Each structure stands twice: as C-alpha cells, then as structure tokens.
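Here is what each chain is made of, one letter per residue.
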Amino acid sequence: MALFNWGLERFIKYVSDNKPAHVEVAADSESSGTDFIVEEHFAYFAGYYEGRKPVVARKKYGGTTSKPQEMDAVLDTDIKRMQELDIDVFKTKGFVNESD
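In this text the structure is predicted, and so the values were computed from the model without any measurement.

S.K.: In this structure, what is going on with the environment of Val 23? I would like to understand it.
M.R.: Mapped onto the elements of the fold, Val 23 is located in strand S1 (residues 22-32). In the structure, Val 23 is positioned 59 residues away from Met 82 in sequence and 8.9 Å away in space, judged by C-alpha atoms. Not counting residues up to four positions away in its chain, the partners in contact with Val 23 are Phe 11, Ala 46, Gly 47, Met 82, Ile 87, Asp 88, Val 89 and Phe 90.

Right, here's the structure in full:
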C-alpha cells in the first residue's frame, strides 16, 4: 500500500519502526500560480519494501528565490538523519546538478 502526502517526520517515524529494504530520494520542481509563475521545490522520499508498494512522502524545500545549493544541503541533512537509523538511503536526484 502506497501512502502519499505524508510529511517527512511521519515518514521517518514509519521507516524507523518498519525498516525498508532501502529509501530513494529525488528532488523536483513544480510551477504554480495564476498571474505569475511561482516555482516550488520538493523532495520525494520512497521507502521500498519487498512484496509491496513503496511508502512515499514529500517535503517542500524552497520557492522561486531559493538557492539550489542551500536546499541540497538541507536535503543532505535529512538523508543523514535516516542513515543514522541504519536505513540505506540513495539520492537519485538532488537540487544541484552534480555534473556542474
């Protein structure tokens, strides 16, 4: 069962109690607004378990004026929190282009 629209704190509590095989993290941006475009930046956390659908959560990291390097640093801190719980976490896409 996939659990969408969870906040990060609830997700961390769930995966600490129910250890997943691994967690994948990917950052993404979404445009919104009516009269002008507002950019919002999120990271999606997916906990994968054998034999069932992943558990998914998302956290907002910034808006139009946010700097990718600052958002990526906060994301890395959140990833480290899960790694300290002995959970394998893989960042598949961050806010900063790794090839730059």
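After presenting the structure, the write-up continues.
S.K.: Can you help me understand helix H2 (residues 68-83) in this one?
M.R.: Residues spaced three or four apart along an α-helix face the same direction, because each turn holds 3.6 residues. For H2, built from 16 residues, the straight-helix expectation of 22 Å at 1.5 Å per residue is met to within 8% by its first-to-last C-alpha distance of 22 Å. What H2 keeps buried is the set Met 71, Asp 72, Leu 75, Asp 78, Ile 79 and Met 82. Taken around the axis of H2, the buried residues stretch over an arc of 120°, which confines them to a single face. Of the residues in H2, the exposed ones pointing more than 90 degrees away from the buried face are Gln 69, Glu 70 and Lys 80. Of the surrounding secondary structure, the elements contacted by the buried residues of H2 are helix H1 (8-17), S1, strand S2 (38-48), strand S3 (55-62) and strand S4 (89-93).

S.K.: Just checking my understanding: could you explain the packing of aromatic side chains for this structure?
M.R.: By convention here, two paired aromatic rings are described through the distance between centres and the angle between planes. This structure, assessed with the given rule, holds 4 aromatic pairs. Ring geometry for Phe 11 and Phe 45: centres 6.1 Å apart, planes at 45°, overall tilted. Of this pair, Phe 11 sits in helix H1 while Phe 45 sits in strand S2, and the two are 34 residues apart along the sequence. No difference in accessibility class separates Phe 11 from Phe 45, as the two residues are buried.

Definitions and cut-offs
Residues numbered from 1 in each chain as written. Predicted model: local features only at pLDDT ≥ 70, side-chain atom pairs only at ≥ 80, totals over all residues. Heavy atoms only, no water. Helix = DSSP H or I, 4+ residues; strand = E, 2+ residues; numbered from the N terminus. Contact = heavy atoms within 4.5 Å. Expected span 1.5 Å × (residues − 1). Buried < 20%, exposed > 50% of the residue type's maximum accessible area, 1.4 Å probe, protein only. Arc of directions from axis to C-beta. Phe/Tyr/Trp six-rings, centres within 6.5 Å; stacked < 30°, edge-to-face > 60°.

All quantities given are derived from atomic positions and should not be read as evidence of function.
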